[in-house]
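Take a look at the letters that make up each chain.
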Amino acid sequence: MTDLAMLVNYSHIRNIIKESGYDGDEDENHSRRNTPYSSAREQYITETRATVRRNFQQANLPDQRVYTVANSTMVPTVRDQKLSEKIIDELESMQDLFREAQSRRCGKGGRSQAYEV
């Protein structure tokens, strides 16, 4: 199975927040920011996965695992080994990548130590 990694820009989430009517300038102490962000993030993830699934179907491709990742969260995750609260599929994509690399290099029954992320 082929994995498709999508690098996305979190400006899409910010646009969804703005479309919902949230105005960060009016929320001086940002006390209401988390709720719109969480809702917009979930909406973005749901819409993105539905769009990819529909595109696969239209192209007569089998449904497959798609990773929604952002460069702005992937780089610190890899370089600094820090998980952002904004991650979507970054951790799963890295774990699957290491598992696949290990299985190809060592085989299914290899006695190599597993990579941990």
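Residues numbered from 1 in each chain as written. Predicted model: local features only at pLDDT ≥ 70, side-chain atom pairs only at ≥ 80, totals over all residues. Heavy atoms only, no water.

## Focus: the overall build of the protein
And then number 1: Tallying secondary structure elements over the protein gives 4 helices and 2 strands in all.
And then number 2: Accessible area of the protein: about 8900 Å², with a carbon and sulfur share of 47%. (Helix = DSSP H or I, 4+ residues; strand = E, 2+ residues; numbered from the N terminus. Areas by Shrake-Rupley, 256 points an atom, 1.4 Å probe, with all protein chains shown as cover.)

## Remarks on the nonpolar core
And then number 1: If you look at the biggest cluster of nonpolar residues, it comprises 9 residues: Ile13, Ile16, Ile17, Tyr22, Tyr37, Ala40, Tyr44, Ile45 and Ile88.
And then number 2: Every element with two or more residues in this core is listed here: helix H1 (11-19) and helix H2 (34-58).
And then number 3: Setting aside chain neighbours within four positions, we find Ile16 in contact with Ala40, Gln43 and Tyr44. (Core = buried A, V, L, I, M, F, W, Y, C linked by side-chain atoms within 4.5 Å. Buried < 20%, exposed > 50% of the residue type's maximum accessible area, 1.4 Å probe, protein only. Contact = heavy atoms within 4.5 Å.)

## Some points on the pattern of salt bridges
And then number 1: Scanning all chains against the criterion turns up 6 salt bridges.
And then number 2: For Arg99, the salt bridge goes to Asp96, with nearest N and O atoms at 2.6 Å. Taken as a pair, Arg99 and Asp96 lie in helix H4 (residues 90-106) at a separation of 3 residues, close to a single helical turn.
And then number 3: Take Asp96: its relative accessible area is 25%, and that puts it in the partly exposed class. (Salt bridge = Lys/Arg side-chain N within 4 Å of Asp/Glu carboxyl O.)

## Digging into the confidence of the model for the protein
And then number 1: Chain-level statistics for the protein give a pLDDT mean of 78 and a share of 73% at 70 or above.
And then number 2: Note that residues 1-7 has pLDDT below 50 and, in this model, 20 contacts with residues that lie over four places away or in other chains. (pLDDT = per-residue confidence, 0-100.)

## A short note on the environment of Glu19
And then number 1: Here Glu19 shows up in helix H1.
And then number 2: For the pair formed by Glu19 and Ala40, sequence separation is 21 residues and the distance between their alpha carbons is 9.6 Å.

## Here we look at H1
Because the α-helix completes a turn every 3.6 residues, residues three or four places apart line up on one side.
And then number 1: Within H1, burial applies to Ile13, Ile16 and Ile17. One side of H1 holds all its buried residues, which, seen down the axis, span an arc of 100 degrees. Seen from the open side of H1, the exposed residues pointing more than 90 degrees away from its buried face are Arg14, Lys18 and Glu19.
And then number 2: Where H1 ends, the next residue or the one after it, Gly21, has phi of about 105 degrees, a positive value. (Arc of directions from axis to C-beta.)

## A word on the packing of helix H3 (residues 71-79) against H4
Each pair of packed helices can be summarised by the angle the axes make with each other and by the distance between the axes.
And then number 1: Running from N to C, H3 and H4 point in directions that differ by 55 degrees, and their axes come no closer than 10 Å. By the criterion of interaxial angle, the relationship of H3 to H4 is oblique. The two elements H3 and H4 cross, and the hand of that crossing is right-handed. Contacts from Thr73, Met74, Thr77 and Val78 in H3 reach Glu90, Ser93 and Met94 in H4.
And then number 2: Counted by class, the contact of H3 with H4 contains 3 nonpolar, 3 polar and 1 charged residues. (Axes fitted to C-alpha atoms, helices over the stretch in contact; angles between N-to-C directions. Parallel < 35°, antiparallel > 145°, perpendicular 65-115°, else oblique. Left-handed = near helix turned anticlockwise from the far one by under 90°. Nonpolar A, V, L, I, M, F, W, Y, C, P; charged D, E, K, R; others polar.)

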